[in-house]
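Here is how the chains run, residue by residue.
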Amino acid sequence: MSRSRRLLERQSGALDRALGMRFVREVGAGTISDQAYANYLLIESDFVRTAARLHGFAAWAAPSWAAVCRNGLALHALVTEQTDYFRATRAAWPVPARVTAAAGGRAEGLADFALSTARTGGYPAIMTVLFAAETLYLTWCTRARLAGSVPAGPPRDWVALHAAEPFRAGVDALAEQVDQIPPEVPDGQLDTWFGGMLDAEIAFHDAVFELPD
């Protein structure tokens, strides 16, 4: 069994908790409010910039030209397709974001965790936290798309983007990079990075439901 598959098995409980968070349930059921999704558009567009930086650093530190290219492709998608989505959707969305300072701070915890982990753990850490985040999105968006309960509009478009083949190929590429992490990096360290990222994802997505008084 590959190292990435063993990691997923060990972290199945953490992944299940993340898949059960309110944001995933409500987007999948088509019941998320305009206000909550407006808040998500704001904080997720900010995190896309963090993800772009992570892939940029990963391209610089990649162990092979193939890995450079894969990270370059992911970076390109973030600064084009995903950035364009947020620009257009936020401009057309019926209500503006209203994120409390406390909620904003919790949302920033996702970027703080990912960047601090990248600084201390380097390329293996970046691949592991991105594998956690993108496995989460691939899984819940694929389920939501198959269920067919997300109404037409920007949330469905966002789900479709993360259930499409290019995104799936990107997750497969991350899994391959996790498989190649040197054995000197112990499984316990991968668990800390992967599980910590999922915990930060839950706090991040829960923050969209906190509204000012």
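Quantities reported herein were computed from a predicted structural model and do not represent experimental measurements.

**Student:** Sorry, what's going on with the layout of surface pockets here?
**Tutor:** Rolled over the atoms, a probe with the dimensions of a water molecule shows which regions are left empty. Reported here for the largest pocket is a volume of approximately 710 Å³. Looking at the largest pocket, it is lined by 36 residues, and the ones nearest its centre are His 55, Ala 74, Glu 134, Phe 167 and Gly 170. Of all elements in the fold, only α4 (34-61), α5 (65-92), α6 (101-147), α7 (154-163), α8 (165-179) and α9 (187-206) reach the threshold of two or more residues within the lining of the largest pocket. Split by residue class, the lining of the largest pocket holds 21 nonpolar, nine polar and six charged.

**Student:** How do you make sense of the environment of Val 171 when you look at a structure like this?
**Tutor:** Relative to the elements of secondary structure, Val 171 occurs in helix α8. Overall, Val 171 belongs to the buried group, its relative accessible area being 6%. Distance from Val 171 to Gly 13, taken between C-alpha atoms, is 19 Å for residues 158 residues apart in sequence. Look past the residues within four positions of Val 171 in its chain and what remains in contact with it is Phe 131, Glu 134, Thr 135 and Leu 138.

**Student:** Explain the side chain of Gln 35 to me, please; I cannot follow it from the model alone.
**Tutor:** Of note, Gln 35 is situated in helix α4. The class of Gln 35 is buried, set by a relative accessible area of 15%.

**Student:** Please explain a negative patch on the surface as it appears in this structure.
**Tutor:** Judged by side-chain charge, Glu 165, Asp 172, Glu 176 and Asp 179 come together as a negatively charged surface patch. Following the sequence through the fold, Glu 176 ends up in helix α8. When its relative accessible area of 47% is taken as the criterion, Glu 176 is described as partly exposed.

**Student:** Where do I start with the side chain of Gln 82 in this structure?
**Tutor:** Tracing the chain through its elements places Gln 82 in helix α5. Overall, Gln 82 belongs to the buried group, its relative accessible area being 8%. Beyond its immediate chain neighbours, meaning those up to four positions away, Gln 82 contacts Val 48, Ala 77, Trp 158, Leu 161 and His 162.

**Student:** Looking at this structure, I do not really get the pattern of salt bridges. What am I missing?
**Tutor:** Two side chains bearing opposite charge may form a pair once their charged atoms approach each other closely. Here the structure, examined in full by the defined rule, presents six salt bridges. With a shortest N-O distance of 2.9 Å, Asp 187 and Arg 3 are connected by a salt bridge. Of this pair, Asp 187 sits in helix α9 while Arg 3 sits in helix α1 (residues 3-10); the two residues are 184 residues apart in sequence, bridging distant segments of the chain. Note that Arg 87 and Asp 84 form a salt bridge whose closest N and O atoms lie 2.9 Å from each other. Taken as a pair, Arg 87 and Asp 84 lie in helix α5 at a separation of three residues, close to a single helical turn. When salt bridges that share partners are traced, they join Arg 3, Arg 10, Asp 187 and Asp 191 into one network.

**Student:** Explanation requested: the nonpolar core in the structure shown.
**Tutor:** Generally speaking, soluble globular proteins have nonpolar side chains that are buried together. Core analysis: the biggest nonpolar cluster contains 74 residues, and Phe 23, Tyr 37, Phe 131, Leu 136, Tyr 137 and Trp 140 have the highest contact counts within it. Sort the elements by how many residues they give to this core and α6 lands first, with 21 residues. Residues contacting Tyr 137, with those up to four places away along its chain left out, are Phe 23, Tyr 40, Glu 44, Thr 142, Trp 158, His 162, Phe 167, Glu 201 and His 205.

**Student:** I keep staring at the packing of α4 against α6 and nothing clicks. Help me out?
**Tutor:** Axis angle and axis distance: for two packed helices, these are the angle between their axes and the distance between the axes, and together they describe the pair. At a minimum axis separation of 10 Å, α4 and α6 run at an interaxial angle of 120°. Considering their axes alone, α4 and α6 lie oblique with respect to each other. At the point where α4 passes α6, the crossing takes the left-handed sense. Split into classes, the residues belonging to the contact of α4 with α6 amount to 18 nonpolar, three polar and two charged.

Rules used in this analysis
- Residues numbered from 1 in each chain as written.
- Predicted model: local features only at pLDDT ≥ 70, side-chain atom pairs only at ≥ 80, totals over all residues.
- Heavy atoms only, no water.
- 1 Å grid on protein atoms, 1.4 Å probe; cavity = no way out; pocket = protein on both sides within 12 Å on 5 of 7 lines; lining within 4 Å.
- Points joined across faces, edges and corners; volume = space filled by probe spheres on them.
- Helix = DSSP H or I, 4+ residues; strand = E, 2+ residues; numbered from the N terminus.
- Nonpolar A, V, L, I, M, F, W, Y, C, P; charged D, E, K, R; others polar.
- Buried < 20%, exposed > 50% of the residue type's maximum accessible area, 1.4 Å probe, protein only.
- Contact = heavy atoms within 4.5 Å.
- Patch = residues over 30% accessible without salt bridge, like charges linked within 9 Å, V, L, I, M, F, W, Y side chains within 5 Å.
- Areas by Shrake-Rupley, 256 points an atom, 1.4 Å probe, with all protein chains shown as cover.
- Salt bridge = Lys/Arg side-chain N within 4 Å of Asp/Glu carboxyl O.
- Lys, Arg positive; Asp, Glu negative; His and termini not counted.
- Charge placed at Lys NZ, Arg CZ, Asp CG, Glu CD.
- Core = buried A, V, L, I, M, F, W, Y, C linked by side-chain atoms within 4.5 Å.
- Axes fitted to C-alpha atoms, helices over the stretch in contact; angles between N-to-C directions.
- Parallel < 35°, antiparallel > 145°, perpendicular 65-115°, else oblique.
- Left-handed = near helix turned anticlockwise from the far one by under 90°.

By themselves, these figures tell us nothing about what the structure is for.
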